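Structural description and commentary
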Amino acid sequence: MSLPASRPSLRPSGAFRASRLLLVACAAVFAAQSAGCGSSASQGPDAAAALASIDARLRGSFRLVRFEPEVPLEPMLTSMLEFQYAHLIVRFDGKRILADSPGLHVDRAYEIRDPVWDRFKLISYDEAGIAYEALCEFSDQGELIVYAQTPPWKGVAMLRRAQ
């Protein structure tokens, strides 16, 4: 079976890599600087307080609730993603993102940038140092909404505080 020319084919190792990138985009997905946070565009006590506030709210464990890709996923990746909804836990510790579910483990450095109220930029780095950007915000219900900006997992994820 061949895929349309507009869609790249994924080898099995590509599918696994893609699922790992999903976590990086979601969450998931951020080289930490002082106290685990990066610098913001502005400087001074207000910027430091905003960064500390976001860092405190982000720390802890979240469960992946939903991911809406910008480009529809292939059936195999769709079922891998649906399995993650019940199992994937993402933990932020101030320096690293740890995402775990059966058969999947991701450990990445991250930094927080440009905090404004409930919104901020989250940058994660893979083993090769490649940066993945996401714009994030806390909803009124305390959920973390992640707008992943870096292909191949561009889309919107929702994470809910794990109980």
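Throughout what follows, the structure given in this document is the object of discussion.

Moving on, we come to the nonpolar core. Formed by 28 residues in total, the largest nonpolar core has its most connected members in Leu-58, Phe-92, Ile-112, Phe-120, Leu-122 and Leu-144. Among the elements that line this core, the one with the most residues is strand β4 (residues 104-116), at four residues. Contacts of Leu-144, omitting those with residues within four sequence positions, involve Leu-58, Phe-62, Phe-92, Phe-120, Cys-136, Glu-137, Phe-138, Ala-157, Met-158 and Leu-159.

Right, let's get into the pattern of salt bridges. Overall, the coordinates contain 10 salt bridges when judged by the stated rule. We note a salt bridge from Arg-66 to Glu-68, for which the minimum N-O separation is 2.9 Å. Taking relative accessible area as the criterion, Arg-66 reaches 35% and is therefore assigned partly exposed. Classification of Glu-68 by relative accessible area gives partly exposed; the value is 44%. When the shortest N-O distance is used, the salt bridge between Arg-108 and Glu-127 registers 2.8 Å. Here the residue Arg-108 occupies a position in strand β4, and Glu-127 occupies one in the loop between β5 (119-125) and β6 (131-138), the gap between them amounting to 19 residues.

Our next topic: the sheet that holds β4. Around the barrel, which closes on itself, the eight strands sit in the order β1-β2-β3-β4-β5-β6-β7-β8 with antiparallel pairing between neighbours. Averaged over all pairs of adjacent strands, the angle between their axes in this sheet comes to 35°, without regard to strand direction. Relative to β4, strand β3 (residues 96-101) is paired through six bridges, and the arrangement is antiparallel. The residue of β4 that forms the bridge with Arg-96 is Ala-109. Running at roughly 150° to β4, helix α2 (residues 45-58) makes contact with β1 (60-69), β2 (89-92), β4, β5, β6, β7 (144-148) and β8 (155-161) of the sheet. Contacts from helix α3 (residues 75-87) reach β1, β2, β3 and β4 within the one sheet, and its direction differs from that of β1 by about 155°.

What follows deals with unusual backbone geometry. A positive phi angle, close to 50°, is found at Asp-114, a residue other than glycine. Residue position: Asp-114 is located in strand β4. Look at Asp-114 and you get partly exposed, because its relative accessible area is 32%. Positive phi, normally seen in glycine, also occurs at Trp-117, with a value near 55°. With respect to the helices and strands, the residue Trp-117 is situated in the loop between β4 and β5. Note on Trp-117: relative accessible area 78%, which makes it exposed.

Rules of the game
Residues numbered from 1 in each chain as written. Predicted model: local features only at pLDDT ≥ 70, side-chain atom pairs only at ≥ 80, totals over all residues. Heavy atoms only, no water. Core = buried A, V, L, I, M, F, W, Y, C linked by side-chain atoms within 4.5 Å. Buried < 20%, exposed > 50% of the residue type's maximum accessible area, 1.4 Å probe, protein only. Helix = DSSP H or I, 4+ residues; strand = E, 2+ residues; numbered from the N terminus. Contact = heavy atoms within 4.5 Å. Salt bridge = Lys/Arg side-chain N within 4 Å of Asp/Glu carboxyl O. Pairing = 2+ DSSP bridges. Axes fitted to C-alpha atoms, helices over the stretch in contact; angles between N-to-C directions.

Bear in mind that shape data such as this cannot, by itself, settle questions of function.
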